[in-house]
Each structure stands twice: as structure tokens, then as C-alpha cells.
Amino acid sequence: MSESSLQRFVGDETSMISDLKPYPTYKDSRLPWLEEVPEHWNLIPNRALIRKRKILVGDHHTECDLLSLTKEGVIVRDVESGKGKFSADMGTSQEVRAGDLIFCFFDIPETPRTVGLSHHNGMITGAYTVFECSDPVISTFFELFYKAMDDRKLLSPLYSGLRNTIPPTLFLGIKTPVPPHAEQATIVRFLDHMDRRIRRNILAKQKLIKLLEEYKQVIIHRAVTRGLDPTVPLKPSGVEWLGEIPEDWAFLRGKFYFQEIDKRSATGKEELLSVSHITGVTPRSQKNINMFKAESYIGYKLCNPGQIVVNTMWAWMAAIGVSRYHGIVSSSYHTYDQINKHNFHNDFLDLLLRSTLYKINYAMNSTGITSSRLRLYPEDFLNIRFLCPPMGEQEAIICWLKCMIGDLDIAKERLNGEIALLKEYRTRLISDVVTGKLDVRGIELPADEDAEVPTELSELLDDDITPDDCEIPEDEIPAEAD
């Protein structure tokens, strides 16, 4: 990242960062993942810094918060929401105390985050390895160092077996480059300050993206429910949730437009497709989702261009769309064909299905106790009434919307690019500082270094990832994890 770009992103910190220089002298680290470290840093076996602990919570699990290791750190799971996977026997979870370090030591190349420092008391599944450390400065530096290693998956020389596992005993035997205690505290304080500055900047851009998306949805909603001519004669739709509609638009139940299709893959070799409330139907290979893959996709549902795909359990969030691809989708999804191909233009139908109005409709017509347990089944989907303008008007609406929302999408793409650069810069800065490539001693931090980052940031990041994407199934726990 250039200095001018950095100035635009983090402002006042540019001159401070530009003052960072390497240490005067270095020595060979003798570690396969790190060539050299500052000469005065010590190489200390991990067993001298941390201690493995495994205490099962047993019958006390009802008194403990359930924790999860995510890209954003160790978080408290919302058990009441029902989102994500849960162990059948919570008593087999292990105790976690605030200040403990949590590692995931298997499937490391595919795991989104393999290390985190817990700031919560609670419990976590036995898939993870818990270490305790009595010194908060050491534990924070330790987390930062191994996050840097994790970001570039540099510990690959330690992997073993088909599951790319690091045995805890082996990890305790390797050495970590450790600066003097006072220098550790300086490094932790500096990186905490920079992280807060960058995260606040990311939050501002995330909020702007959210506003642009809301504005885009307002434009789409107006176009697909009223058309482009504000003077067109209207008629009652017959339903309270919609009101009046253009008098020459059809408005029939889905069963008159669509029919369910259930054809299965015999080989499971077709392109795997994902159905998201943000991107609609897209190839999974184009999405940044880290999930444990199924052993076989035989029996998954076939999907062809022009077919509607409904993510049954996330339809209430508008996880639905018209496919542009040949491929397969989960057998728990539902696919539909148009009965008459001349009723809807595929692009118009995709916009209509994922509009705010129909998102509300899916929630109203789904069955389940809580939002996370809502399911939109075919009989309910086909009972929903759908707007159908004349084909010529659909084509005019599509053309107009492409012009109107094109600039909004360009602006969102630019902001997302800037966020990616900020994250990349933060990752590189942390790595360079904790591995001794840059010396932060003597750096004076601004007075606002203790300013908190708004909690909304964690709610805005990774919005396209469902809870199931981040959980480790109980049957995926290898023997080495114990």
C-alpha cells in the first residue's frame, strides 16, 4: 500500500508508521517458518510460556456461556437463537477462562482462524485445545504472534496426517521468539492502537456500504412493485401487504407460475452452487467460504439456468434467486421451473424474488418457532402471490435499473476494495511487528489510543457467512485434539 493510500485510510498515523525501522541487529531464529529475529529476543519453548489445560464442564454446562473461535476472535454464542451446530452432550465441553488461549490444531489450511485469546469465561467444544497463561502481556503477544503465523499458514512444517494436524505436545516443544517483557507491552500497546484505528475506518466504510445497499433496495422495490411510470392507473392488489399495483400487471399465486423440480445428481461432479441473501445463486468456488466439505455430492439437486433455487432454512433472509449456472445445490434446498417461460424475464424475476417486499413475505409464510428455525416449504412458496408485469415492461425496468444501480455497485465495489486493502495492511503490520521486522520502541501514541471500537463492527463483517460455516462438527474431532 502506497503512503498516499495509507494517508487516505488512517490519516494522522501515517507519519508515525513511516518512522518505523528495522532493529539494528538480527540473529538466525533456527525456525523453519522465520529466518531471523532481533538479536536481543529470546527463543523460548512454548511449554515455558503456556500450559495445556482440559477440564470438562460436566453437569455445570447449563451455567456456562458457549464460546466459539471465529475470524473476529473468541465470541459468546447465542444459544437461544438456535443458529449453528451444537454438541448433543454439552457436558463434554471444556472449561475456558478469560485469558486462556484457544487453538484449533487440525484441518489448519481450511480453518478460518486457528488461534484466539478468550476475554470470556465459558466453555468450548473438545475439538479445540485450551492453554492457560498467567501473564496477560505474554498471552496477548503470544496470540498476536501465532495469528501472524496463522494468516500465512507458516506452521505447515509441523503438520502431520491427512487432517493437517499439529499435536499439542509438539506445539509445546517448539520455540517462540520473545522480546523482553517491557518491549512486549510496547508492541501490544502499539498494535492495539493501530488495530482500533483501522477497525474504526473499516466500520465507517461498512456503514456506508450498508446505506448504499439500503438505497439500492428502495430503488429496486419501487421499480418492481410500481413500474417506471408514476402516472399509470392503479388497481387494488387484494392484499394488505402490497396495496395498489399497476392495472395491467398480473398478480397470481406462485402455483400458476412455478412448479417444483427434483432431479438428482448421479455423480456429484457438477459445479457446487451456493444460495445467499446477498449474491443469490452463485458458484461456491467464487465465494470466500471455509466449510468442511461433504464426502460426496451424489444425490444433490441438479440446477439449470433459469430455475429458481430456494435456500429453505434461510429464505426468510431472501436467500433465493434465479440461477445463471448449471450445477448442483444442497438436497435440502428446493428448485422450481417456470411453467410458462414467457411470464418472467429471468433478471426481473431474480430482482423481484430478492426484493425487501418478498423477503418479508417469506418470513410470514415460513413455519418454525424462531427465526433461525423458519423453513419455507414448497406448498407455502407456491401459495405466495407474485407480481408479473407485461414482458416489455419487465425489460424496460431491467434496463432502467441497470443504469440506476450501476453507479451504486461501483461505489460499493470501490469501498470493499479499500476495506480489503486495510485488512491486508493490518495483517502485514502485525506480522512485521511481532516477528521483529519493525521496531516500535520509542513510538509515541496519540492520546485517543484507548478509544473503543463500536461493537457494530463485528455485526457487519462477514455478513455473507452463516453460523454453520464457522462451526466444527462433533464427528470431525480427531484423536489428536484430545
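In what follows, the structure referred to is the one given above.
The rules behind these values
- Residues numbered from 1 in each chain as written.
- Predicted model: local features only at pLDDT ≥ 70, side-chain atom pairs only at ≥ 80, totals over all residues.
- Heavy atoms only, no water.
- Phe/Tyr/Trp six-rings, centres within 6.5 Å; stacked < 30°, edge-to-face > 60°.
- Helix = DSSP H or I, 4+ residues; strand = E, 2+ residues; numbered from the N terminus.
- Buried < 20%, exposed > 50% of the residue type's maximum accessible area, 1.4 Å probe, protein only.
- Pairing = 2+ DSSP bridges.
- Axes fitted to C-alpha atoms, helices over the stretch in contact; angles between N-to-C directions.
- Contact = heavy atoms within 4.5 Å.
- Salt bridge = Lys/Arg side-chain N within 4 Å of Asp/Glu carboxyl O.
- Expected span 1.5 Å × (residues − 1).
- Polar contact = N/O pair within 3.5 Å; in protein donor to acceptor, adjacent residues only side chain to side chain.

K.L.:
Got a minute to help me understand the packing of aromatic side chains in this structure?
P.N.:
Each aromatic ring pair is specified by the distance between its two centres and by the angle formed by the two planes. According to the stated counting rule, one finds 28 aromatic pairs in the structure shown. Measuring from centroid to centroid gives 5.9 Å for Y23 and W41, while their planes differ by 75 degrees, and the two rings are edge-to-face. One end of the pair, Y23, is in the loop between helix 2 (14-18) and strand 1 (26-31); the other, W41, is in the loop between strand 2 (34-38) and strand 3 (42-45), with 18 residues separating them in the sequence. Relative accessible area serves as the criterion here: at 4%, Y23 is assigned to the buried category. Judged by its relative accessible area of 0%, W41 falls in the buried class. Cluster of aromatic residues (ring-pair linked, three or more members): W241, F251, Y257, F258, Y336, F344, Y358, Y362, F381 and F386.

K.L.:
Would you mind going over the sheet that holds strand 21 (residues 320-322) with me for this structure?
P.N.:
To summarise the sheet geometry, strands pair through backbone hydrogen bonds and adopt either a parallel or an antiparallel arrangement. Spatially, the four strands line up as an open sheet ordered 16-23-20-21, and their pairing is antiparallel. Each edge of the open sheet carries a strand with a single partner, namely strand 16 (258-261) and strand 21. Each strand axis lies, on average, 25 degrees off the axis of its neighbour in the sheet, ignoring direction. Two elements, strand 16 and strand 23 (residues 334-338), share four bridges in a ladder whose sense is antiparallel. For I261, the partnering residue across the bridge sits in strand 23 and is T335. Each of strand 16, strand 20 (308-310), strand 21 and strand 23 touches helix 6 (residues 346-353); the most contacted strand, strand 21, lies at about 175 degrees to it.

K.L.:
Looking at this model, I keep getting lost on the pattern of salt bridges. Mind explaining?
P.N.:
For side chains of opposite charge, pairing can occur when their charged atoms come near one another. Summed over all chains, the structure comprises 24 salt bridges. In this structure, R428 engages D432 in a salt bridge whose closest nitrogen and oxygen atoms are separated by 3.0 Å. Taken together, the positions of R428 and D432, both in helix 9 (residues 391-434) and four residues apart, correspond to about one turn of that helix. One network of salt bridges, in which partners are shared, links R51, R53, E95, R97, D100 and E132.

K.L.:
Help me understand the environment of I261, please; the structure alone is not making it clear to me.
P.N.:
Position of I261 relative to the elements: it lies in strand 16. Apart from the residues within four sequence positions on either side, I261 is in contact with Q307, T335, Y336 and D337.

K.L.:
Help me understand helix 3 (residues 136-151) in this model?
P.N.:
Helical geometry: 3.6 residues make up each α-helical turn, so side chains three or four residues apart lie on a common side. Given a rise of 1.5 Å per residue, 16 residues ought to cover 22 Å, and the 22 Å separating the end C-alpha atoms of helix 3 matches this to within 8%. For helix 3, the full list of buried residues reads I138, S139, F141, F142, E143, L144, F145, Y146, A148, M149 and D150. The opening residue of helix 3 is D135, an N-cap whose side-chain oxygen sits 2.9 Å from the backbone nitrogen of V137. Of the residues flanking the end of helix 3, it is K153, one or two places downstream, whose phi is positive at about 50 degrees.

So far we have only geometry, and geometry alone does not tell us how the molecule works.
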